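Below, each chain spelled out in residue letters.
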Amino acid sequence: MRETRRLFITGLVQGVWYRGGMVARADELGVTGWVRNRRDGSVEAVVSGSPEQLEAIVSWARRGPPGARVAHVAVEPADGSYSGFEQRPTI
């Protein structure tokens, strides 16, 4: 059963290949959805997958790529169905 979550990630998460790293990890895990920068310096993502896949991608989100310094990841229920995982433009 697929579930969907919205993530709000704060800290040093822009300019450190966070979005690209999340796309790569999501593809490895088979997670679908999207990720984008926000103008306030945070990153937002919607992820969809099995409970195990979501646990793995949220765990990655809490660490991020080597240059990131993640302060907090808020996880909320969300809706949506996605066929792949994409990087979206900044909002």
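Our structure's up above, just so we're on the same page.
The structure contained in this document is the topic of the report that follows. From a predicted model like this one, the values you see are computed outputs, not experimental measurements. (Residues numbered from 1 in each chain as written. Predicted model: local features only at pLDDT ≥ 70, side-chain atom pairs only at ≥ 80, totals over all residues. Heavy atoms only, no water.)

**What to know about the nonpolar core**
What counts is decided by this rule: Buried Ala, Val, Leu, Ile, Met, Phe, Trp, Tyr and Cys residues form a nonpolar core when they are joined through side-chain atoms within 4.5 Å. Exposure classes here rest on a 1.4 Å probe applied to the protein chains alone. A residue is buried below 20% of its type maximum, exposed above 50%, and partly exposed in between. For helices the rule is a DSSP run of H or I covering at least 4 residues; for strands it is a run of E covering at least 2, with both sets numbered from the N terminus onward. Contact between two residues is taken to exist if any of their heavy atoms lie within 4.5 Å; hydrogens are not considered.
Core analysis: the biggest nonpolar cluster contains 22 residues, and Leu-7, Tyr-18, Met-22, Ile-57 and Phe-85 have the highest contact counts within it. Sorting the residues of this core by element identifies β1 (3-12), α1 (18-29), β3 (43-49) and α2 (51-63) as the ones contributing at least two each. What Met-22 contacts, discounting residues up to four positions off in sequence, is Leu-7, Val-35, Ala-45, Ile-57, Trp-60, Ala-61 and Phe-85.

**Thoughts on the sheet that holds β1**
The line we're drawing: By this definition, two strands are paired if DSSP reports at least two bridges between them. Only the contacting stretch of a helix is used when fitting its axis, a line to C-alpha atoms as for every element, and angles between N-to-C directions run 0 to 180 degrees.
The strand order across the open sheet formed by five strands is β4-β1-β3-β2-β5, and the pairing between neighbours is mixed. Of all the strands in the sheet, just β4 (69-77) and β5 (85-87) have a single pairing partner and so form its edges. Strand-to-strand twist of the sheet, defined as the mean angle between neighbouring strand axes without regard to direction, takes the value 15°. Here β1 runs beside β4; their pairing, made up of eight bridges, is antiparallel. Bridge pairing links Arg-6 to Glu-76 in β4.

**A few points about unusual backbone geometry**
Of note, Trp-17 is a non-glycine position whose phi angle comes to about 65°, a positive value. Structurally, Trp-17 is set in the loop between β1 and α1.

**Looking at the environment of Ala-68**
Within the fold, Ala-68 resides in the loop between α2 and β4. You can call Ala-68 buried: its relative accessible area is 5%. Here Ala-68 is in contact with Leu-12, Val-16, Tyr-18 and Arg-63, once residues within four sequence places are set aside.

**Concerning the pairing of β1**
Pairing of β1 with β3, which is carried by seven bridges, proceeds in the antiparallel orientation. Within the sheet, the bridge partner assigned to Thr-4 lies in β3 and is Ser-48.

**Section: α2**
So the rule is basically this: Residue count minus one, scaled by 1.5 Å, sets the expected span of a helix.
With 13 residues, α2 ought to run about 18 Å at 1.5 Å a step, and its terminal C-alpha atoms sit 19 Å apart, in line with that. Where α2 is buried, its residues meet β1, α1, β3 and β4. Of the residues flanking the end of α2, it is Gly-64, one or two places downstream, whose phi is positive at about 70°.

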